[in-house]
Amino acid sequence: MCTTALRRRARRTLTGAGAVTALLAAVLTGCQSDGPATEGERGAQAGPRWNTAPASIAAVGDSITRGFDACSVLADCPEVSWATGNDPAVRSLAARLLGDAGVPARSWNYAVTGSRMADLAGQLASAAEHKPDLVTVMVGSNDACRPTASSMTPVAEFRAGFEKALAGLRAASPSSQVYVSSVPDLQRLWEQGKDTPVVRQIWKLGICQSMLADPLSVATGATARREQVRARVVEYNEVLREVCKKDALCRYDGGAVFQYPFAAEQLSHWDWFHPGKDGQARLAELAHRQVTAAEPPR
C-alpha cells in the first residue's frame, strides 16, 4: 500500500531532483501494480468465456446440416445431421453434448437444403428465438456450387451477408455461442468421384456444375474453372475466420472441415457429393472436438 509517509521518507533519503524523481516514479509504479484489480479491470481482462458444455443447440446452414441424400435419394434426412441428429451411428454434436434424451427438447435444426449465405440471417433469427447456448453454422457450399463459376457469390457480398447475420443473432441472443464450420474442399469431392462412370452420370443431373461439369476434361478452361471454384472456397473460409474472430463468442473451426480428407466411404452413394452417414459422423466428431476444446484452434 502507498502512503504519504513513504513518499516523505523517500525525499529524506535521497538528495538531488533527479534521484527523487526516479525513486518517486518507482514507488508510484509499484503502487499502481500492487493490490487487486477493480471489478471493471477484471471484466476487461477476462471477457466472455467459451462454455465447453452448452446445454442447448440450434443448427443453421444448408443441405449438409439437413443430411440431404444421406438416407435416401434426393431427400433430407435430419435424423443423421452431424449437428442435431439422433441416429446412433452418427452420434451428432447434440447427442454428444446433451445426451440422447436431451436432443429432442434442446436442439433445433433450421438449415435448409439449397441455402446460401444470403439466407443465413433468416435462419439465425429463427434460431435466436430459443436463446440457444450454441449455434452451429455451416454455409457457403452453395455460394460456390453454381451453374457456372462466374455466377458464384462475390466475396464482398458473402462477407456482408455473414456480418449482417451474425450481428442479427448477437442483437437477438447476446450470449449464444457460435461454432462456424469451414466450407468443404469441393475440388477434393470432385477428385473422389470423377473416375467412376456412374458417378459422372449422376453429376450430369446438375450437381455443383461450377466444379463438376465435364469431370474428366483436362482442357485449360476446365482446369482453370475448377481452380477458380476452389480459390473462391478458400476466400469464403477466410471471410468466415475474419468475421468470426471479431466476436468473442464465435469460434471458427480453423479449416478442419476444409482440410478433412473425405473419401468415398464418407460420401452419399446416391450423389457421391454430399456426406453419407459416415461423413456426417466425421463432421460431428470434428465439431465436438472443437466445441469442447479449452482454446480455439490455431
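Residues numbered from 1 in each chain as written. Predicted model: local features only at pLDDT ≥ 70, side-chain atom pairs only at ≥ 80, totals over all residues. Heavy atoms only, no water.

Colleague: Please set out the sheet that holds strand β2 (residues 107–109) residue by residue, giving values where relevant.
Modeller: Pairing within the open sheet is parallel, and its five strands lie in the order β2-β1-β3-β4-β5. With one partner strand each, in any of the chains shown, β2 and β5 (250–252) form the two edges of the open sheet. When strand polarity is set aside, the average angle formed by the axes of neighbouring strands in this sheet is 15 degrees. Sheet analysis places strand β1 (residues 57–61) next to β2, joined by three bridges and oriented parallel. Paired with Ile-57 across the bridge in β2 is Ser-107. Helix-sheet contacts for helix α15 (residues 277–291) involve β3 (134–138), β4 (177–180) and β5, and the interaxial angle to β4 is about 135 degrees. (Pairing = 2+ DSSP bridges. Helix = DSSP H or I, 4+ residues; strand = E, 2+ residues; numbered from the N terminus. Axes fitted to C-alpha atoms, helices over the stretch in contact; angles between N-to-C directions. Contact = heavy atoms within 4.5 Å.)

Colleague: Explain the state of the cysteines residue by residue, including any values.
Modeller: In this structure the tally under the stated criterion is three disulfides. Through a disulfide, Cys-145 is tied to Cys-208; the S-S separation comes to 2.1 Å. Between Cys-145 and Cys-208 the disulfide shows an S-S torsion of about -80 degrees. By sign, it is left-handed. Placement of the pair is Cys-145 in the loop between α8 (141–144) and α9 (155–172) and Cys-208 in the loop between α11 (197–203) and α12 (209–212), with a sequence separation of 63 residues. Cys-145 gets classed as buried once you look at its relative accessible area, which sits at 12%. Under the relative-accessibility criterion, Cys-208 is labelled buried at 6%. A sulfur-sulfur distance of 2.0 Å marks the disulfide that ties Cys-244 to Cys-250. In this structure the cystine formed by Cys-244 and Cys-250 twists about its S-S bond by roughly -110 degrees; its chirality is therefore left-handed. (Disulfide = S-S within 2.5 Å. Buried < 20%, exposed > 50% of the residue type's maximum accessible area, 1.4 Å probe, protein only.)

Colleague: Explain the side chain of Asn-109 to me, and be specific about the residues and the numbers.
Modeller: Assignment of secondary structure puts Asn-109 in strand β2. With relative accessibility at 18%, the residue Asn-109 sits in the buried group. Here Thr-65 takes part through its backbone oxygen, which lies 3.0 Å from a polar atom of the side chain of Asn-109. A distance of 3.0 Å separates a polar atom in the side chain of Asn-109 from the backbone nitrogen of Ala-111. Residue contacts for Asn-109: discarding those within four places in its chain leaves Ala-59, Thr-65, Arg-66, Ser-81 and Thr-84. (Polar contact = N/O pair within 3.5 Å; in protein donor to acceptor, adjacent residues only side chain to side chain.)

Colleague: Provide a residue-level description of the pattern of salt bridges, including the pertinent values.
Modeller: This model, assessed by the stated rule, comprises eleven salt bridges. As a salt-bridge pair, Arg-241 and Glu-238 come within 2.5 Å of each other at their nearest N and O atoms. Of this pair, Arg-241 and Glu-238 both sit in helix α13 (residues 220–245), separated by three residues, roughly a single helical turn. One salt bridge connects Arg-289 with Glu-285, and the closest N-O pair in it is separated by 3.0 Å. Separated by four residues within a single helix, Arg-289 and Glu-285 lie in helix α15, roughly one turn from each other. Of the residues examined, Arg-289 reaches a relative accessible area of 47% and is grouped as partly exposed. Put simply, Asp-278, Arg-282, Glu-285 and Arg-289 are held in one network by salt bridges that share partners. (Salt bridge = Lys/Arg side-chain N within 4 Å of Asp/Glu carboxyl O.)

Colleague: Just give me the short version of the environment of Pro-174, but keep the residues and values in it.
Modeller: Structurally, the position occupied by Pro-174 is in the loop between α9 and β4. The exposure class of Pro-174 is exposed, given its relative accessible area of 52%. Distance in space between the C-alpha atoms of Pro-174 and Ala-128 is 9.2 Å, their sequence separation being 46 residues. Contact partners of Pro-174, with chain neighbours within four places excluded, come to Leu-169 and Leu-249.

Colleague: Provide a residue-level description of the confidence of the model for the protein, including the pertinent values.
Modeller: Looking at the protein, the pLDDT average stands at 88 and 85% of residues meet or exceed 70. Under a pLDDT of 50 for its full length, residues 1–44 has, in the predicted model, twelve contacts with residues more than four places off or in other chains. (pLDDT = per-residue confidence, 0-100.)

Colleague: Outline the packing of aromatic side chains, supporting the account with residue identities and numerical values.
Modeller: Under the criterion given, the structure shown has two aromatic pairs. Taking 4.1 Å as the distance between ring centres and 15 degrees as the angle between the ring planes, the aromatic pair formed by Phe-158 and Tyr-236 counts as stacked. Here the residue Phe-158 occupies a position in helix α9, and Tyr-236 occupies one in helix α13, the gap between them amounting to 78 residues. Tyr-236 matches Phe-158 in its accessibility class, with the two residues each being buried. (Phe/Tyr/Trp six-rings, centres within 6.5 Å; stacked < 30°, edge-to-face > 60°.)

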